[in-house]
Amino acid sequence: MNLTPAALQHRPCLKPTAQQHGPARARLRCTAAAALAALGTALVGLAPPSASAQTPSAVPSAAATFNIPAQPLAPALAEFARQSALQLVYAPEVTQGKQSRTVTGARDTATALQELLRGTGLRARQLGSTWAIDAAPAGAAAEAETTLPVVRVKADAVRETATGPVQGYVAKRSATGTKTDTPLIETPQSISVVTADRIEAIGATRLKEALAYTPGVNASPWGDESQYDWIYLRGFDAYSPGFYRDGLQLRNTGSWGVWQTENYGMERLEVLRGPASVLYGQNGPGGMVNVVSKRPTAEPIHELQVQIGDHARRQFAGDFSGPLNEPGTLQYRVTGLLLDAELSSGGLQNDRLFIAPSLTWRPSSATSLTLLSEFLRMRTGSVWNSYPAAGTLLPNPNGKIPVGTFIGERDFNRYNQDQWMLGYLFEHHIDDTLALRQNARYGRFDTDYKTFYNGQFATVNAGAPDDPANFRLMDRTPFSSRENARSLVVDNQAQLKLTQGDWKHTLLFGLDLQRTRFDVVAHYGGSAAPIDLYAPTYGSAVTVAPSPFLDSATTLSQTGVYVQDQIKFGDRWVATLGGRHDSATVETNDRLSNSDSRQSDRKFTSRAGLVYLAPEGWAPYVSYSESFAPTTTVDPGTGRPFKPEAGKQVEAGLRYQPPGRRDSYSAAIFDVRRQNYVSYDAAFSPRQTGEVQVRGVELEALLQPTTRMNLTAAYTWTPKADVAASNNPLEVGKQLNVVARHQLALWTDYRLGTSLTLGIGARHTSSTRGSQEAAPASIPAYTLVDASIRYDTGTWVLALNARNLGDKTYVATCDGSGTSCSYGEPRRLTATATYRW
């Protein structure tokens, strides 16, 4: 199992006595004899050498192939344990301030361990099946009484947590699918975890880029747009309902201001595919994205990073963490980033300031409180890279419209947002069976958004329709919106573990509350001169319509009560059953009509799943899950809002985790349906008769064929993603959102020698017909190649990443009118230097 310093377990040898429950700085002490009884092994320095304590040279050891660069000693020992499959025991203070040697090549493990420790003043001794690390003796006998905070490191025994760091690309646990710390192999629904190491390796600077190698995800449904991380999951919009941060929703309302995320602040990124309302309340049928924040660690982290790239990119970042006091009951983390860059179009600014301080307090082993805070400031232009179909997808007598043509005005287009959040994660274990948790967050953002909606070509020569001059100038319409949002989310949980014979229950009872208010004032219309797409000139006067078309305050409230039972029986079967009842309210104050409205909905959702844990790491499963989402559209027949939309999914899958390896394989076949969505007839009369059905197969593999090589593969086959029922017969049988029939993404990297790693990836998307299949011609398939070069000395990491290495020009999608099409992302190069100590 891959390890990180934060994953190392610190355990005292004995429980504290009554006298030791007092000052936070009180330390546990015990005799060497007591340590032997508690640990079952002798720790170096706790007792005099005995016959069972042998030098490495005295005991034959297995051979292994090592590739461990020079680095701080604690992570070097963790990597040694992973590559050798040995167990190491040492006191944490002995590694502080020490650097390891480089160890490479095939050699016996004892010799390799000696080489790793050479020059540190430490020694290694074999104690049965354990290797103990301590200071080389200076002739003095060990004290009979010794302080014992102990570190145990074992490649297959260190327990990964559902929210903690993961070294490498393969996570084995998650809480997103169950709200409990659960092995992925026991979760009866498709989940992908993208670790921080993987995000760094592929050079992803935005959330949607980090998910480009994940099955079931369309990471660019609107092409190369600058201000959003818009994605589709299993053919459905996952951005408008909102992502999640540490299990709490960042709820959006379908307006133009949305909650933003920062990749550098992520520990891991988790995608749960399919309906998930049984745990999270109102949401879409395609699934959800949960961003897990970086949190304080027991092991010190010191990282400074500088990044440069094309489009005038200059970025400085830092990440610092560790204990604040000697017993480690207080831990801190500060993560920050400052970006000064330009967009790929128009030379507009693309600046960002991000800082996220956090603090963890663990007054005892049973209680923890983590405070999380964040401030994000965006100062970026607004660019959609959307142009008329003639010149992108279709021929234009003037040729192709150049990629990166800016259709706005530099002093007008903007997406400026200030956002902050403050929250906490509290957990208390009353005993071994009952745990209480409360997670809460308050946040706010303020957005100033201005852009242009592109129109059609302006007719210059009406007497000659085919005149090339009629296909150069494009009309454009100004748009602006000023918005703010305030959100409070609280999730209360009680987890109870019960055992009855060979039946083990993990019961979860929850009550969550959400209240989010959005205030929007938006203007559409006005005037601006047409722009020449082939020879643009800027400086046109822009007049925005003085009267807003939208001026309202909307408050979304939700109260949900849920229960879940994870039942493990016979050590082979795991059943997951859940139910939830939600009360959702939408209150709207329309300032244009000076009217108020209130809509209330109640909905019960459920989930059921069954996993069979077969021998040798195989785990087939089946599941059923539901979702719901209120609609504010009014039924003209009753004068009341329509009932909530519903999502339903049936899924069957197979996971495989080979014993003793870090590999993970998964396959899933699914049928998900969005029901009761409002559709409109030719007279624009609404009826709640709509249904969309998506069927497909997803495959994912994350593996290490050798200790030097990583390989990830994701494939999605979606033969059906059509409107099954609608009030508009012309929609039936067509896609509502753009969904490619085939998506394939491969990434591999290989370490040459001790420090140099080369990586290459490819992302293929098959042909589509755009949104609502309205594109005037088939949008061609495209394949993009990414690459990386990385040089790691242990202290310094130098990396060069390229996305769309060949700078391929391609059309990503066309809108539902079929008249506008969007280019995809151009090539982007970034060079990063990271210093860790």
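Peer 1: I'm lost on the sheet that holds strand 18 (residues 248-249) in this one. Help?
Peer 2: The pairing of strands in a sheet comes from backbone hydrogen bonds and takes either a parallel or an antiparallel form. With mixed pairing, the 5 strands of this open sheet are ordered in space as 13-19-20-17-18. Of all the strands in the sheet, just strand 13 (191-195) and strand 18 have a single pairing partner and so form its edges. For strand 19 (residues 266-273) and strand 20 (residues 287-293), the ladder comprises 7 bridges, and the chain directions are antiparallel. Among the inter-strand pairings, Arg268 is bridged to a residue of strand 20, identified as Val292.

Peer 1: What exactly am I supposed to notice about the state of the cysteines here?
Peer 2: Throughout this description, disulfide means a covalent bond between two cysteine sulfur atoms. What the rule picks out here adds up to 1 disulfide. Bridging Cys814 to Cys821, the disulfide has an S-S length of 2.1 Å. On the S-S bond that ties Cys814 to Cys821, the torsion sits near 95 degrees, and the link is right-handed. With respect to class, Cys814 is no different from Cys821; both count as buried.

Peer 1: In this structure, what is going on with the pairing of strand 34 (residues 550-569)? I would like to understand it.
Peer 2: Regular strands show a simple pattern: their side chains alternate between the two faces of the sheet. Taking burial as the measure, the 20 residues of strand 34 include 15 buried ones, the bulk of the element. Linking two consecutive strands that pair antiparallel, namely strand 34 and strand 35 (residues 573-590), is a turn of 3 residues; a positive phi of about 65 degrees is found at Gly570 within it.

Peer 1: Sorry, what's going on with the pattern of salt bridges here?
Peer 2: A side chain with one charge can pair with a side chain of the opposite charge if their charged atoms come near. Scanning the entire structure with this criterion turns up 46 salt bridges. Across the salt bridge formed by Arg517 and Asp519, the nearest N and O atoms sit 3.6 Å from each other. Here Arg517 falls in the partly exposed class, since its relative accessible area comes to 36%. One salt-bridge network, in which partners are shared between bridges, spans Glu200, Glu303, Arg790, Asp792 and Arg836.

Peer 1: Can you walk me through the pairing of strand 30 (residues 503-524) in this structure?
Peer 2: Note that strand 29 (residues 473-500) and strand 30 share 22 bridges and pair antiparallel. Across the sheet, residue Leu496 finds its bridge partner in strand 30, namely Leu507. Taking the residues between adjacent antiparallel strands as the criterion, strand 29 and strand 30 are bridged by 2 residues, where Gly501 takes a positive phi near 65 degrees. Two elements, strand 30 and strand 34, share 20 bridges in a ladder whose sense is antiparallel. The residue of strand 34 that forms the bridge with Leu508 is Gln564.

Peer 1: Explanation requested: the packing of aromatic side chains in the structure shown.
Peer 2: Two numbers describe a pair of aromatic rings. These are the distance of the centres and the angle of the planes. Enumeration according to the criterion identifies 31 aromatic pairs in this entry. Taking 5.9 Å as the distance between ring centres and 55 degrees as the angle between the ring planes, the aromatic pair formed by Tyr228 and Trp384 counts as tilted. You can see Tyr228 sitting in the loop between strand 14 (217-218) and strand 15 (232-233) and its partner Trp384 sitting in the loop between strand 25 (367-380) and strand 26 (386-388), a full 156 residues away along the chain. Under the relative-accessibility criterion, Tyr228 is labelled buried at 3%. Aromatic pair Phe569 and Trp573: ring centres 6.5 Å apart, planes at 10 degrees, arrangement stacked. On the basis of relative accessible area, Phe569 is assigned to the buried category, the value being 19%. On the basis of relative accessibility, which here comes to 35%, the residue Trp573 falls in the partly exposed class. Each member of the aromatic cluster is reached from another via a ring pair, and the members are Tyr228, Trp230, Tyr239, Phe243, Trp256, Trp384, Tyr415, Tyr449, Tyr453, Phe479, Tyr524 and Phe549. Taking the ring centre of Tyr280 as reference, the NZ or CZ of Lys179 above it sits at 4.8 Å.

Scoring rules and cut-offs
- Residues numbered from 1 in each chain as written.
- Predicted model: local features only at pLDDT ≥ 70, side-chain atom pairs only at ≥ 80, totals over all residues.
- Heavy atoms only, no water.
- Pairing = 2+ DSSP bridges.
- Helix = DSSP H or I, 4+ residues; strand = E, 2+ residues; numbered from the N terminus.
- Disulfide = S-S within 2.5 Å.
- Buried < 20%, exposed > 50% of the residue type's maximum accessible area, 1.4 Å probe, protein only.
- Salt bridge = Lys/Arg side-chain N within 4 Å of Asp/Glu carboxyl O.
- Phe/Tyr/Trp six-rings, centres within 6.5 Å; stacked < 30°, edge-to-face > 60°.
- Lys NZ or Arg CZ within 6 Å of the ring centre and 35° of its normal.

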